[in-house]
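Single-letter residue listing:
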Amino acid sequence: MEKAILESVGGEIVSIVTPVSICMLLVVLLVHTLTPHGSVVAPIATVAMMVYSEKPNDSLFEKLRGGFLNGIIFVCIVMIVTFVLFGLFYFRFTKCLRVYMGFSAFMVLAWMGGTVMVELIQFFSIPIDVITFGICLVNFASVGVIAVFFCQMPIVLTQGYLVVIGMLVAFWFTKLPEWTTWTLLISMAVYDIMAVLAPVGPLKMLLELAMTRDEEIPALIYEARPVLPRQMPGPPPTSSSSTTVQPRRWSHLGAAPHSLLNITIGRGNSAGLNVDSDNFQTSNLGTVGGHELMNFVTEPPVAPEAGLLGSRLVSSTEDAGTLNSVSSVLAGHQPIDPNVDEDTVPLVNRGTRNMAAVDRMELGTQMQPRDLDEDELERNDEGFELGVSGALKLGLGDFVFYSVLVGRAAMYDLMTVYACYLAIVGGLGATLILLAVWRRAMPALPISISLGVVFYFLTRLIMDPFVVDLATHLVFF
Amino acid sequence: MTGVGGTGYALIALGPAFSLFVTVIASKPFLILTVLGSAMMWLVSLIACAILWRAFLPGAVWTFLPLLITVVGIQEAVRLYYWCLYLKVEHFLNKLAAKVSKPQLVATDKIQIAIASGLGHGIAHSVFFCLSLLTPAFGPATYYIDSCVHMPLFLVAAFMGLGFLLLHTFSMVIAFNALAGDKHFHQLFVPVMHLCASLLTMVNLLPGGCIAGVPMTLICAVVTMAVAGKIVWDKTSTGSAELGNLQRVHSSSSL
């Protein structure tokens with residue numbers, strides 16, 4: 001029986017929106033439980049508050065100016081650290097990166113997670129002793145580090161740990177004072193645009209380097225699984241068979257002539273599914289494997305933050321999922337059918353060319369639009385590089401900042417939480433549509449954060465009194 | 001009234017929405033996105049109304065009358081705009097279906113999209129008007145307002161929220177059907193019923209009015225549900241000439 005179009009459209013978007021929503025929900029619950037209204041939260045001494053430490057008595061102008069300075073300093077530090085990590089990646093210090101990543105993740109899970117757990121234990125008066133707690137915490141953190149970086153575990157576990165890491169970091173950020181938080185969010189959104197889209201942006205350079213070398217990006221990235229399961233044509237490539245079967249990590253759509261001339265033999269698409277493209281130890285391509293955590297220095301030596309390298313959105317449009325279909329309809333050409341290239345062995349260096357050729361043979365598409373499309377793409381020097389795994393990827397930094405916004409909204413009232421949640425999800429949807437249209441890595445922060453901030457202030461100042469007034473008089477519409 | 005009471009109120013307001021969501025919407029990702037999209041549109045219209053009327057509140061009681069009329073007008077205008085957007089989305093989906101060799105949208109699909117849109121409106125309404133009031137309900141006490149000493153504020157708000165949720169959901173189904181088939185009676189029915197339900201809530205302003213206000217809202221919701229049910233029944237009965245339906249029936253019976 002033919003399935004209706006309604007069953008499959010939008011699957012990838014929902015698979016990204018769901019973990020973002022879960023992370024936001026967890027942060028809101030934590031904030032709501034552990035930060036009773038009206039209590040004074042002692043601000044933690046972090047680098048985000050190096051310049052200005054907000055006190056309640058300062059005037060509005062002081063707070064704005066101080067928050068603005070804090071934001072600028074924070075963005076500068078993030079930029080410097082990103083460049084340092086890009087340098088490490090460029091000079092192939094992979095072991096260094098991996099060790100650093102693992103250590104940072106362990107610190108987040110053990111130290112920040114431990115602090116949050118202790119606060120929860122105090123709040124709920126759970127009877128547990130130190131030794132049990134210590135053992136459980138160390139085990140929890142170790143399994144988390146292994147699941148995210150080193151071993152291939154059930155995907156739910158990896159995704160769950162990534163969400164928990166994002167949640168812990170976001171909760172930590174919500175302890176910052178209010179104006180600093182807002183200016184920080186806005187500064188990070190602006191920085192994200194620049195870092196991903198500008199030619200000298202560190203994230204853009206990192207992405208291009210990773211695609212050129214066909215390696216994993218060294219960052220904490222949440223990868224949603226593809227919605228339509230496909231069968232693997234053969235056993236997953238192991239290190240023993242690495243000489244002949246080289247699944248490509250990234251496919252070039254209309255690469256510029258000066259780009260790499262790899263012979264790609266193998267199944268381009270199938271690399272991603274059961275063999276996770278973040279499959280570190282069996283990676284044939286010398287995957288960096290390590291994930292980067294931005295790290296800023298506080299009193300204790302390392303207080304890692306989630307990968308701000310990850311603040312961009314990369315997607316694959318190679319399967320007949322929504323985004324591929326959307327982009328194909330918008331561009332007016334045939335979507336690439338994944339079932340076709342499972343068996344193809346493209347022996348030339350241009351991914352699209354092969355698929356276009358196969359398309360012509362197998363699907364009998366029109367020649368003309370395809371030709372024009374390729375010409376257009378070829379003329380473009382940048383080359384739209386896309387992940388092969390067939391899954392949407394969202395950097396963990398985006399999770400963190402969305403949750404920070406919603407967590408800060410939760411400190412005012414639940415109505416602002418709902419408004420900000422809808423704004424963020426709307427912005428994320430708009431970003432995904434732009435991704436489908438432009439087919440290049442997109443910064444996921446700016447639209448959502450700006451919508452979220454606008455909606456927060458509108459709700460708090462204008463809508464809240466309006467609705468509460470109506471509702472307490474029991475007049476509805 | 002502690003966690004049990006708070007959860008109870010939340011379930012009264014959102015229980016049917018939750019079950020509708022789980023049965024109809026959760027299995028289809030596109031419908032989930034529709035719910036979120038229409039909730040966001042309702043929120044934008046609410047913010048527009050709030051900007052318009054913020055300066056006048058809190059004011060005299062009689063200000064509620066022009067407020068309700070203008071606000072319902074704005075929301076019906078937003079519904080028409082939403083319908084125009086829906087036409088574009090439907091066209092896009094049909095084009096997409098043609099490209100990936102799947103069947104075009106049939107009547108049941110369109111009804112499901114209408115339900116999802118209405119549910120988005122309804123859930124947004126319930127959440128903003130009812131759930132956001134409920135935070136104190138999880139605490140140890142309860143709260144009565146002066147004009148309604150018979151029922152706690154939270155209970156009244158939960159019932160009204162439920163009524164309006166059903167009203168919004170099913171009036172969207174009626175509106176989609178009416179605008180597609182250009183049926184004037186139903187096209188007028190939706191805004192008129194919305195306005196009636198809103199104006200009837202003003203009964204709550206009178207002392208002891210909530211005893212009448214709550215049942216009247218629920219009656220409006222039931223009437224809307226009945227009209228929508230009749231429309232859906234007519235559309236999906238075998239008398240309808242929708243080819244898609246027959247195709248579906250054939251292919252499902254051939255399995």
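Here the structure is a predicted model, which means the values were calculated and not measured.

1. Some remarks on the nonpolar core
- Core analysis: the biggest nonpolar cluster contains 196 residues, and Phe466 of chain A together with Phe128 of chain B have the highest contact counts within it.
- A total of 17 residues in this core trace back to one element, the largest contributor, which is helix H5 (residues 153-181) of chain B.
- Setting aside residues up to four positions removed in sequence, Phe128 of chain B forms contacts with Met415, Tyr418, Ala419, Leu422, Met463 and Val467 of chain A together with Trp42, Leu43 and Leu46 of chain B.

2. A look at the packing of helix H3 (residues 94-124) of chain A against helix H4 (residues 130-150) of chain A
Residue and element names in this part refer to chain A.
- The geometry of H3 relative to H4 is characterised by a closest axis approach of 9 Å and an angle of 140 degrees between their N-to-C directions. In terms of crossing hand, the pair formed by H3 and H4 is right-handed. Contacts between H3 and H4 pair Arg98, Met101, Gly102, Ala105, Phe106, Leu109, Ala110, Gly113, Gly114, Met117, Val118 and Ile121 from the former with Phe133, Leu137, Val138, Phe140, Ala141, Ser142, Gly144, Val145, Phe149 and Phe150 from the latter.
- Of the residues in the contact of H3 with H4, the class split is 16 nonpolar, five polar and one charged.

3. A few points about the UniProt feature "transmembrane region" (unreviewed entry) in chain B
- This chain's UniProt record puts "transmembrane region" (unreviewed entry) on residues 6-25, 30-53, 59-78, 111-134, 154-176, 188-206 and 212-233 of chain B.
- The distance from the first to the last C-alpha atom of residues 154-176 of chain B is 33 Å, and the span holds 100% helix and 0% strand.

4. Remarks on the state of the cysteines
Residue and element names in this part refer to chain B.
- Per the counting criterion, the structure on display carries one disulfide over all chains.
- Residue Cys148 pairs covalently with Cys210 via a disulfide, S to S 1.8 Å. On the sign convention where negative means left-handed, the S-S torsion of about 80 degrees between Cys148 and Cys210 marks this disulfide as right-handed. A residue pair is termed long-range when its members are at least 10 positions apart, and Cys148 in the loop between helix H4 (107-129) and H5 and Cys210 in helix H7 (residues 210-236) qualify at 62 residues. Neither residue differs from the other here; Cys148 and Cys210 are each classed as buried.

5. A word on the UniProt feature "transmembrane region" (unreviewed entry) in chain A
Residues and elements named next belong to chain A.
- UniProt records the feature "transmembrane region" (unreviewed entry) for residues 12-31, 68-91, 103-124, 130-150, 155-173, 179-203, 418-438 and 444-463 in the present numbering.
- Taken as a whole, residues 12-31 contains 100% helix and 0% strand, while its terminal C-alpha atoms sit 29 Å from one another.
- In the segment residues 130-150, helix accounts for 100% and strand for 0%; the C-alpha atoms at its two ends are 29 Å apart.

6. What to know about the pattern of salt bridges
- According to the stated counting rule, one finds six salt bridges over all chains in the structure shown.
- Of the charged contacts, one joins Glu208 of chain A and Lys204 of chain A as a salt bridge, the two residues approaching to 3.7 Å between their closest N and O atoms. Taken together, the residues span about one helical turn, with Glu208 of chain A and Lys204 of chain A both in helix H7 (residues 202-213) at a distance of four residues.
- Owing to a relative accessible area of 34%, Glu208 of chain A belongs among the partly exposed residues under this scheme.
- Lys204 of chain A gets classed as buried once you look at its relative accessible area, which sits at 10%.
- The closest approach of N and O atoms between Arg79 of chain B and Glu76 of chain B, which form a salt bridge, is 3.1 Å. Taken as a pair, Arg79 of chain B and Glu76 of chain B lie in helix H3 (residues 64-99) at a separation of three residues, close to a single helical turn. You'll find Arg79 of chain B and Glu76 of chain B in the same group, each marked buried.

Calculation criteria
- Residues numbered from 1 in each chain as written.
- Chains lettered and ligands numbered in written order.
- Predicted model: local features only at pLDDT ≥ 70, side-chain atom pairs only at ≥ 80, totals over all residues.
- Heavy atoms only, no water.
- Core = buried A, V, L, I, M, F, W, Y, C linked by side-chain atoms within 4.5 Å.
- Buried < 20%, exposed > 50% of the residue type's maximum accessible area, 1.4 Å probe, protein only.
- Helix = DSSP H or I, 4+ residues; strand = E, 2+ residues; numbered from the N terminus.
- Contact = heavy atoms within 4.5 Å.
- Axes fitted to C-alpha atoms, helices over the stretch in contact; angles between N-to-C directions.
- Left-handed = near helix turned anticlockwise from the far one by under 90°.
- Nonpolar A, V, L, I, M, F, W, Y, C, P; charged D, E, K, R; others polar.
- UniProt positions renumbered as here; feature names shortened; annotations may be inferred.
- Disulfide = S-S within 2.5 Å.
- Salt bridge = Lys/Arg side-chain N within 4 Å of Asp/Glu carboxyl O.

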